[in-house]
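Listed here are the chains, written in short residue letters.
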Amino acid sequence: MRLAAAVCLLAACSNDPPGQATPDPTIYDPYPPNVLPPDLDAEIQRVRAENATIFERTVAEWHALPPLTPVGNPPVFQGSGYNSIRVLGTLMNFDENMSIHKDRACSFCHMPYAGFNGPIPSLNLTAVAYPGSAQYRLGKRIPQRYPYATFFPVLAYNSDQGLFFGGNFWDGRSTGYILQSPNAQQAQHPPVDPNELGFADTACIAYRLSQAEYRPLFEGLFGPGSLAIAWPRDTEAICATPAGAASFGGNTTPIELSDDDRTKANVVYQHWGQAISLYQSSTHVNAFSSKFDAFLAGQYTLTPDEQAGYDLFRGKANCNSCHLDGRGSAVGSTDTSAAADVTPPFTCFGYANLGLPLNPAVAIFYESTPDAVGFTPNPDGFSFRDLGLGTFLRSGPGSAANPNSDWTPFAPGADGAMQVLTVRNVALTPAACPTTDAGRVDAQGAPVPYFQKAFFHNGYAKSLKQLVHFYNTRDLFAYPVTSGHCPTGTTEKVDCWPQPEVPNNIDMTFGNLGLTEREEDLIVTFMETLTDGFTTPFPNADTFTGTCATGGSAATQGNDHLIAAPPLPPCAADICGVPPLPGPATIP
Amino acid sequence: MFPKVTIAATILVAAAGITSTSAGLLPKRPARPAFRTPPALELAHHGIAVLRWSMDNPGGTDVHHGVVRFGDDPARLTQVARSPNRINRGHATTTFRVRLTGLRPGTTYYFRAAAVDGKGAPDGAESGLGTFTMPGAGERFPAR
């Protein structure tokens, strides 16, 4: 039973640690047992404390910055401008005041020690999405990693390729069309996502920044009057009320500002995105400090297993057809090519439908009833289907409005497609738990502690072994069942893969790669060479205070937390009934 | 019982034209990529079949589509399956795999396979007529 430990839904009452409280009727908890882990409240407080450590470190860094001195025209803060904006972006990113109840920072779902993935192992094992400031509203996908996301270009449809490239988010909804940076624009979504930081009005960011201790830094960079806005008396109350509340009546600008002040707040919101993006593009996030980077620089020799895994990655397994490695490829022969790119992104910046099963543990399926303020996160319940880029192109539920109607006709060809992430840092874990995969032993035969992560957009895979095994055997071990219903005698994720959530556009580049168990393991070994922090420590990755796990097997990791899917109702009309309709197959 | 898998007609084979990526040259799109391994049944079960073949790397767009026209009457290949496959610019050949759905157990199907680029332009010749028989209800090919 979860108590009113972290927040109240209606009031800004949650900035204190949890007490021994009675159940709070304003807490939104529509979940059956096992969707939210029993240690969730304690883990939330752990991450908040870790987050505070990084915030305080950054405050100290701010105080040590040299003065801002504009030089030339257009003026540049010579010498100090870059780091000043990076520090500002870091402060914003780790500032809990940037949420309705002042208890969630952006970083709550993206901690450095997890490669900027979700930092709560038990949640990665279950609901996979993270609780926002309005407790317990959760999202529909795993938190996407920050590193190297800034390299994605503005979303565009390449008519020569017949493909979309760029954007941010799994579904590409942060196109970057206004700021010309998908990453900067990405940072503008969580503050007003009802299931995340939860503000009803984007101006709440300017309001909270006007109260921030680092306001002088913001004003030093963007002008002494940049936060001088005449706030109405009810601003605090509005900014403490969750987005989607019935009292707003659908109004997305409930703070009544003059035209000039609204414009000023909008500009502040642009700076918010840009400063956070600068932080995320800095070496504090995009470190290029992995073993593989050292290898490309001629400063490290891959071990025989790492090299064998790399050969499989770009050869038999064909991983580098999407996860570009900057080198040539070879099948059945030795690749003697030189690296064409010493900072390969390990992504093609594109999208693909991997044919993943629907994961019935994802919290969003259960959020079909209204919370205490009258907001229903997912009215479709189990009729929700995650069509990814296809839903965005149709401006569908859970995504954002598509700003380019020329793209809409391409939706059927994009159904089920999710962004191809970089492989870099997929294996990054806290130093105390040096692997993502269960069942490892060290040279002395002692078990290696692991940090539980979740992989793919819906967190269906719980280990990198499972991830590679899925690519290897998706079609070989396919069954027409939903998760939790594999036939007797088979084991889900081992020799049974449930049917795809979206049966159209399934990428057939993989699915029966013919890799042996050993070859799968070697690919995982290679993926671990892409973890930053080898040549220089990864910034702020030292803050983990939680517990590692031991025991079990990477092949079946997390299977004891599988939730059996209920009989699935048809795909909802507001998702699959919106022209241009999905096809050729009907999405079940 | 294993399904019968044969390729009934001659596969059209064009000039070799294997794309080379040596010396850092961009992969050249072959004028007419040839089949290297003829289309054949890779696996089948529960009304789904995957046909697989390889051909010279067609180059051009990143994603090509394997396209299979099929039906249970060799004179009426009225159904079409189409699956995206990603080329690897460093590979001399590209494997195409196409997912066919809605198939009946124990039924013999006929097909012709081809590939198109991301804009729908044909990559080369269509295969000859092939055939396969779906396994019986509850059976899998290959058997487990």
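Okay, so let's go over this structure. No experiment lies behind these values; they were computed from the predicted model shown.

What follows is about the overall build of chain B. Regarding its fold elements, chain B presents zero helices and nine strands. When the elements of chain B are put in sequence order from the N terminus, they spell out β-β-β-β-β-β-β-β-β. When each of the 144 residues of chain B is scored for burial, the buried share is 52%. Restricting to contacts in chain B with at least 6 residues of sequence separation, those with at least 24 account for 64%. Only carbon and sulfur atoms are counted for the fraction: they give 55% of the accessible area of chain B, which is about 6,400 Å².

Here we take up the pattern of salt bridges. Throughout the structure, instances matching the rule amount to 33 salt bridges over all chains. A salt bridge links Glu 96 of chain A to Arg 48 of chain A, with the shortest nitrogen-to-oxygen separation between them at 2.9 Å. Residue Glu 96 of chain A is found in the loop between helix 2 (81–93) and helix 3 (121–125), and its partner Arg 48 of chain A is found in helix 1 (residues 40–63); the two are separated by 48 residues along the sequence. Taken together, the shared-partner salt bridges in this structure form one network comprising Arg 474 and Asp 475 of chain A together with Glu 42, Arg 52 and Arg 97 of chain B.

Residues and elements named next belong to chain A. The biggest cluster of nonpolar side chains holds 100 residues, and the ones touching the most others in it are Met 92, Leu 209, Tyr 214 and Trp 272. Elements represented by at least two residues in this core include exactly helix 1, helix 2, helix 5 (203–211), helix 6 (215–222), helix 7 (235–239), helix 8 (259–281) and helix 15 (573–576). Residues contacting Met 92, with those up to four places away along its chain left out, are Met 98, Leu 209, Tyr 214, Phe 218, Trp 272, Ala 275 and Ile 276. By size, the runner-up hydrophobic cluster in this structure holds 40 residues, among which are Leu 302, Val 423, Phe 455 and Leu 515.

Take the packing of helix 13 (residues 464–473) of chain A against helix 14 (residues 517–527) of chain A next. Residues and elements named next belong to chain A. Interaxial distance between helix 13 and helix 14 falls to 9 Å at its minimum, and their mutual angle equals 125°. If you check the angle between helix 13 and helix 14, you find them oblique. Judged by the twist between their axes, the crossing of helix 13 over helix 14 is right-handed. Between helix 13 and helix 14, the contacting residues are Leu 464, Lys 465, Leu 467, Val 468, His 469, Asn 472 and Thr 473 on the first element and Glu 517, Glu 520, Asp 521, Ile 523, Val 524 and Met 527 on the second. A class-by-class count of the residues in the contact of helix 13 with helix 14 yields six nonpolar, three polar and four charged.

Scoring rules and cut-offs
Residues numbered from 1 in each chain as written. Chains lettered and ligands numbered in written order. Predicted model: local features only at pLDDT ≥ 70, side-chain atom pairs only at ≥ 80, totals over all residues. Heavy atoms only, no water. Helix = DSSP H or I, 4+ residues; strand = E, 2+ residues; numbered from the N terminus. Buried < 20%, exposed > 50% of the residue type's maximum accessible area, 1.4 Å probe, protein only. Contact = heavy atoms within 4.5 Å. Areas by Shrake-Rupley, 256 points an atom, 1.4 Å probe, with all protein chains shown as cover. Salt bridge = Lys/Arg side-chain N within 4 Å of Asp/Glu carboxyl O. Core = buried A, V, L, I, M, F, W, Y, C linked by side-chain atoms within 4.5 Å. Axes fitted to C-alpha atoms, helices over the stretch in contact; angles between N-to-C directions. Parallel < 35°, antiparallel > 145°, perpendicular 65-115°, else oblique. Left-handed = near helix turned anticlockwise from the far one by under 90°. Nonpolar A, V, L, I, M, F, W, Y, C, P; charged D, E, K, R; others polar.

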